[in-house]
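# Working through the structure, step by step
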Amino acid sequence: ISVTVMNPSGVWLNGAVSQMFHLMAVVCLACVVLKAIQLYWRKRKLLKIFKSFPGPPTHWLYGHLQMLQQEDELDNTASWAEKYPHCHPVWLGGFLVFLWINHPEYAKAVYIGSDLTSSFALCSSIGQGLLILNGPKWFQHRRLLTPGFHYDILKSYVTMMADSVHVMLDKWEQLITQEKSVELFEHVSLMTLDSIMKSAFSYQSNCQTDSDNLYIQTVRDLSLMVYLRIQTPLHHNHLVYWLSSEGRRFHKACRLAHHHTDKVIRERKEFLKDERELEKIQRRRHLDFLDIFLSAKDENGAGLSDEDLRAEVSTFMFEGHDTTASGISWLLYCMALHPEHQQRCREEITEILGDRETMTYTTMCIKETLRLYPPVPAIARELSAPVTFVDGRTLPKGLNSFRTTCLYYSLQVFDPLRFSPENSAERHSYAFLPFAAGPRNCIGQQFAMNEMKVALALTLLRFEFSPDPAKPPIKIPQAILRSKNGIHLHLKKLQ
C-alpha cells in the first residue's frame, strides 16, 4: 500500500500560481477590451471629422493600404488627385488617416495657417532632430543651424563636392570597359555621403573607395522597414512593433546608424582638443555644420546634450545624402531619356564653365526632374492648431496631413520650359514645393541644388549616357523615391 502525503505548502503554492495566471488573464482580457473600445471611439471620431472630405473606397481594416503597394502607389495617388482635385482622406489601416492634399490653396492653408509639429511618428528612426522637432527646441536648433547654410559657406563646399564627383566618375570609367550598363544609384549614394561628410562634418570617410559601406546599406534597410511598418496596421502600435522581430531588426539598424554618427562626433571632439586646431577653426569666418553644434551654448552656457548632437548629425547625414542621391540619380535618368535636353545642358555648361549661377536651362531640367521624380514624394505633418480651408471645411488640431511635393505630377511629358521665368510667374506659388514651404522648409535646399548642379555638370562634361531598354527603373516610394531594380544607364566617354 502506498500513501501519498500532500505538502500543505505545495498545495498553497499551486493555488497561488493558478490564481496569479487567472488574474493575469483577466487583466490582459480587460486591456484588450479597453483597447477595442478606444479604437471603436477613435474610428467614430475620425469618420465624423472626415465626413465632409469624400475619397476613394476604403476597406474597414486595411484602409487604402492594398492600393498603396510600392509599384502602384504613385499611379494610384495620381489618379485619386484627378478625381478629388482638392483633397481626400487616405487610410493607412482602419484607425490611422491622413488628409491627402492635392490643391495649392489647401497646401497654403496647411503650411501657413497652422504651426506644424513633427512628421509622422512611425518614420522617426533618426531621433529628435530638426526634421521632427517642434516648439521652442525646434526654433532653437533651427536658429543655431542657419549660419551653417550661409551662401559663403555653401560656396566653399563646391570644391569638395566636385572632388567627390570626380572620384565617382573615375570609377565609372573603369566600369564602362565592360560594355554593359552601369547601375548608378549605389554609386551616387556613396558620392553624396562622401560629399556631405567632407563639407558639413569635415570628415574624410573614403566611403567611395571602400568595398562595402555598412551605413549606406543600413539607411536603405531603415527606409524599407519604415515603409513595411506603415503597410502593417498591427505594427502601428508601438508596443506591438517593438516586441516583434521586425521591430527588433529596426532597433538594431538604428543602433548601427547611430554608431556611425557617434564615431564622427567622437573623432571631431578629439580633434578639437588640440588647441592649435581649435584656434584655426575659431579664426574661420564661418564654421561648418558640426562645429556649430559642438560650440553651441544656450543662455546658461550649457552645450547641446549628446542625444541632441547625435539626433541633428544623424538627421543631416541621413537626409543630406539620401534625398540628394535620389534627385541626382533620377536627373541622370531623365537626361538619358531625352538626349536633346542632355546636349543642350552640356552646351550651356561648356559655355559658362565656372559660373554655375547662370546655368539657366540646366536648372530648369533639374526642377522638371524634381517634378516628375520627387526625391521625397510626400511630406507628412501633424497639425498643432486647427486649419480652415478656402471652401470652409476644417481640420482639427492633432490630425495628420500628407502633402505631395508636386501638385501636377500627372503631367508626364518632360518639359523643362515649365520652369521658364514666364511660366513660373503664372504658376501658383504652392503648386511645386520640392523642398516644402513656410518656416519648416528644407534648410538644406540650396546645398542640394548646388550638389545636383555640380554632379550633372561634371558628368555631362565627361560622359554621354543613354537608357538601358532591358532594365527600365521601377519607381518605389519609401522614405525617398527609389528604383526597385536600380537605375541602369549606358555610359560613353566623351573625347
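Given the structure is predicted, the values throughout are model-derived calculations rather than measurements. (Residues numbered from 1 in each chain as written. Predicted model: local features only at pLDDT ≥ 70, side-chain atom pairs only at ≥ 80, totals over all residues. Heavy atoms only, no water.)

Compared with an ideal rise of 1.5 Å per residue, which puts 28 residues at 40 Å, helix α9 (residues 245-272) spans 41 Å between its outermost C-alpha atoms and is within 8% of the ideal. Regarding α9, the residues found buried are Gly247, Phe250, Ala253, Cys254, Ala257, His258, His260, Thr261, Val264, Ile265, Arg268 and Leu272. (Helix = DSSP H or I, 4+ residues; strand = E, 2+ residues; numbered from the N terminus. Expected span 1.5 Å × (residues − 1). Buried < 20%, exposed > 50% of the residue type's maximum accessible area, 1.4 Å probe, protein only.)

The sheet built from three strands is open, its strands ordered β3-β11-β8 with antiparallel pairing. Both edges of this open sheet fall to β3 (182-183) and β8 (463-467), since each of them pairs with a single strand only. Taken together, the five bridges between β8 and strand β11 (residues 488-493) define a ladder with antiparallel strand orientation. Paired with Glu464 across the two strands is Lys492, which belongs to β11. Its contacts with the sheet place helix α5 (residues 151-175) against β3, β8 and β11, and it is angled at close to 65° to β8. The sheet contacts of helix α16 (residues 445-462) involve β8 and β11, and relative to β8 the element is tilted by about 95°. (Pairing = 2+ DSSP bridges. Contact = heavy atoms within 4.5 Å. Axes fitted to C-alpha atoms, helices over the stretch in contact; angles between N-to-C directions.)

Turning to the UniProt feature "binding site: heme" (unreviewed entry) in the chain, a few remarks are in order. Following the UniProt record, the feature "binding site: heme" (unreviewed entry) maps to Cys442 here. Structurally, the position occupied by Cys442 is in the loop between α15 (421-426) and α16. (UniProt positions renumbered as here; feature names shortened; annotations may be inferred.)

We now examine the packing of aromatic side chains. The final tally for this structure, using the stated rule, is 17 aromatic pairs. With 4.2 Å between their ring centres and 15° between their planes, Tyr106 and Phe389 make a pair best called stacked. Of this pair, Tyr106 sits in helix α3 (residues 104-112) while Phe389 is found in the loop between β5 (387-388) and β6 (394-395), placing the two residues 283 residues apart along the sequence. Side by side, Tyr106 and Phe389 carry an identical accessibility label, which is buried. Aromatic pair Tyr241 and Phe250: ring centres 6.0 Å apart, planes at 65°, arrangement edge-to-face. Exposure class is identical for Tyr241 and Phe250. Each is buried. Over the aromatic face of Phe95 sits the side chain of Lys43, whose NZ or CZ is 5.8 Å from the ring centroid. Just above the ring of Tyr241 sits the side chain of Arg229; from NZ or CZ to the centre is 4.2 Å. (Phe/Tyr/Trp six-rings, centres within 6.5 Å; stacked < 30°, edge-to-face > 60°. Lys NZ or Arg CZ within 6 Å of the ring centre and 35° of its normal.)

Bringing the packing of helix α13 (residues 339-351) against helix α14 (residues 360-372) into the picture now. At a minimum axis separation of 8 Å, α13 and α14 run at an interaxial angle of 140°. With respect to each other, α13 and α14 are oriented oblique. Like other packed secondary-structure pairs, α13 and α14 cross with a definite hand, here left-handed. From α13, His341, Arg344, Cys345, Glu348 and Ile349 reach across to α14, where they touch Thr360, Tyr361, Thr362 and Cys365. Looking at the contact of α13 with α14 residue by residue, the classes come out as four nonpolar, three polar and two charged. (Parallel < 35°, antiparallel > 145°, perpendicular 65-115°, else oblique. Left-handed = near helix turned anticlockwise from the far one by under 90°. Nonpolar A, V, L, I, M, F, W, Y, C, P; charged D, E, K, R; others polar.)

Enumeration according to the criterion identifies zero disulfides in this entry. Looking at Cys31, it has no disulfide partner, and the nearest cysteine sulfur is the one in Cys28, 6.3 Å off. Unpaired in this structure, Cys334 has its nearest cysteine sulfur neighbour in Cys365, at a distance of 8.9 Å. (Disulfide = S-S within 2.5 Å.)

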